[in-house]
Amino acid sequence: MGGRSVRKQRILFIGAGRMAEAIFAGVLRTQKDYIEEIVVANRSDLARLHAMRDQYGVSVTTDWRDAVAKADVVLLAMPPQNHRDVLTQLAPYIKGQLVMTVAAGIGIGLLEETLPAGTPVVWIMPNTAAGIGESITLFTCGRHVEDKQRDVLNMVLAGIGEAVECTEQQVHDLTAITGSAPAFLYRMVEELELSAQGYGMAPETARRMVAQMIYGSAAMLKTGADPADLRDSVTTPGGATAAGLRVMDERRFSEMMQGAVEATNARAREMANE
Ligand SMILES: NC(=O)C1=CN([C@@H]2O[C@H](COP(=O)(O)OP(=O)(O)OC[C@H]3O[C@@H](n4cnc5c(N)ncnc54)[C@H](O)[C@@H]3O)[C@@H](O)[C@H]2O)C=CC1
Ligand SMILES: O=C(O)[C@@H]1CCC=N1
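Residues numbered from 1 in each chain as written. Chains lettered and ligands numbered in written order. Predicted model: local features only at pLDDT ≥ 70, side-chain atom pairs only at ≥ 80, totals over all residues. Heavy atoms only, no water.

1. Overview of the UniProt feature "domain: Pyrroline-5-carboxylate reductase dimerisation" (unreviewed entry) in the protein chain
- Those residues carrying the UniProt feature "domain: Pyrroline-5-carboxylate reductase dimerisation" (unreviewed entry) are residues 168-271 in this numbering.
- Strand forms 0% of residues 168-271 and helix 86%; the C-alpha atoms that close the span are 17 Å apart. (UniProt positions renumbered as here; feature names shortened; annotations may be inferred. Helix = DSSP H or I, 4+ residues; strand = E, 2+ residues; numbered from the N terminus.)

2. Brief notes about the site of ligand 1
- The full set close to ligand 1 counts 20 residues, and M19, N42, M78, N82 and A104 are the nearest of them.
- One nitrogen or oxygen atom from the main chain of M19 is found 2.8 Å from an oxygen atom belonging to ligand 1.
- Here a nitrogen atom of ligand 1 sits 3.3 Å away from a polar atom, N or O, in the side chain of R43.
- Burial of ligand 1 by the surrounding chains reaches 79%, relative to a free accessible area of 840 Å².
- Looking at the shell around ligand 1 residue by residue, the classes come out as 13 nonpolar, 5 polar and 2 charged. (Near = heavy atom within 4 Å. Polar contact = N/O pair within 3.5 Å; in protein donor to acceptor, adjacent residues only side chain to side chain. Areas by Shrake-Rupley, 256 points an atom, 1.4 Å probe, with all protein chains shown as cover. Nonpolar A, V, L, I, M, F, W, Y, C, P; charged D, E, K, R; others polar.)

3. Here's the deal with the environment of K95
- Residue placement: K95 occurs in the loop between helix 4 (83-90) and strand 5 (98-101).
- For K95, a relative accessible area of 68% translates into the label exposed.
- Along the primary structure K95 and E274 are separated by 179 residues, whereas in three dimensions their C-alpha atoms are 28 Å apart.
- A distance of 3.2 Å separates a polar side-chain atom of K95 from the backbone oxygen of P92. (Buried < 20%, exposed > 50% of the residue type's maximum accessible area, 1.4 Å probe, protein only.)

Written out as structure tokens, the structure reads:
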């Protein structure tokens, strides 16, 4: 945190979905000393709010207006499509609070245009591993973010994993790679588990095997090794792996992955304008 101290923060989450939960769960795991209160707001679904209150000890409300004035940070964790409306409703209550959004495709411009002049705003793009402190979070800051808000931002980001500051364009371009790609990977896991089960493995054994295979592979990558070299070291010349990789190439794996990335980013942009 740049050596500066952060006083205890009151963070209001507008939206009580999966990403809100992943972020406050992560922050509460490791940054509790910096948290005065987490308030979670949702329009409806009282049952979910109550479950969150009971599980995490957060405060909950169905009317965020009550909580904005006292908040230090307002974090929008709801669909991109609802941002314009909620930001417009939020604007009269904002007097210097740090406003953050996690929404795909949103960017900084809409926040700065809609909120009072000078409001510090940040766009973050985490992934669901935030909940266990293992997100890789991309972020970009608006024009009015000063050191004291950066310290708060760093505290939140450190609570949910690793973070990389990007340009706004990079957050748009990389949303698929860090925000959505966990789903691409899980999709592959589902297929591998199905194959293992097809060979007679119990579902829980198949899960454990595939999870450890991915964990080990990720650990190899985190040593800094090049993925092409790692792939080569698995691929015995003329051997079994080569036959599998050949099928991936024949079925245009590269084209499929690039297409998935492009479609994801395009849809993120589209949602922000709906
Ligand atoms: N799920 C993920 O892996 C990631 C999601 N995001 C972003 O996080 C945001 C939320 O996504 P999820 O948590 O996955 O969705 P979700 O569907 O689980 O949760 C959305 C929440 O927003 C609430 N909401 C909708 N309109 C509202 C309004 N007008 N006022 C107050 N609350 C409202 C809903 O009731 C719900 O609690 C999206 O903008 C998404 O782009 C970003 C990175 C990763
Ligand atoms: O699917 C979505 O729209 C969001 C964006 C990144 C991950 N989930």
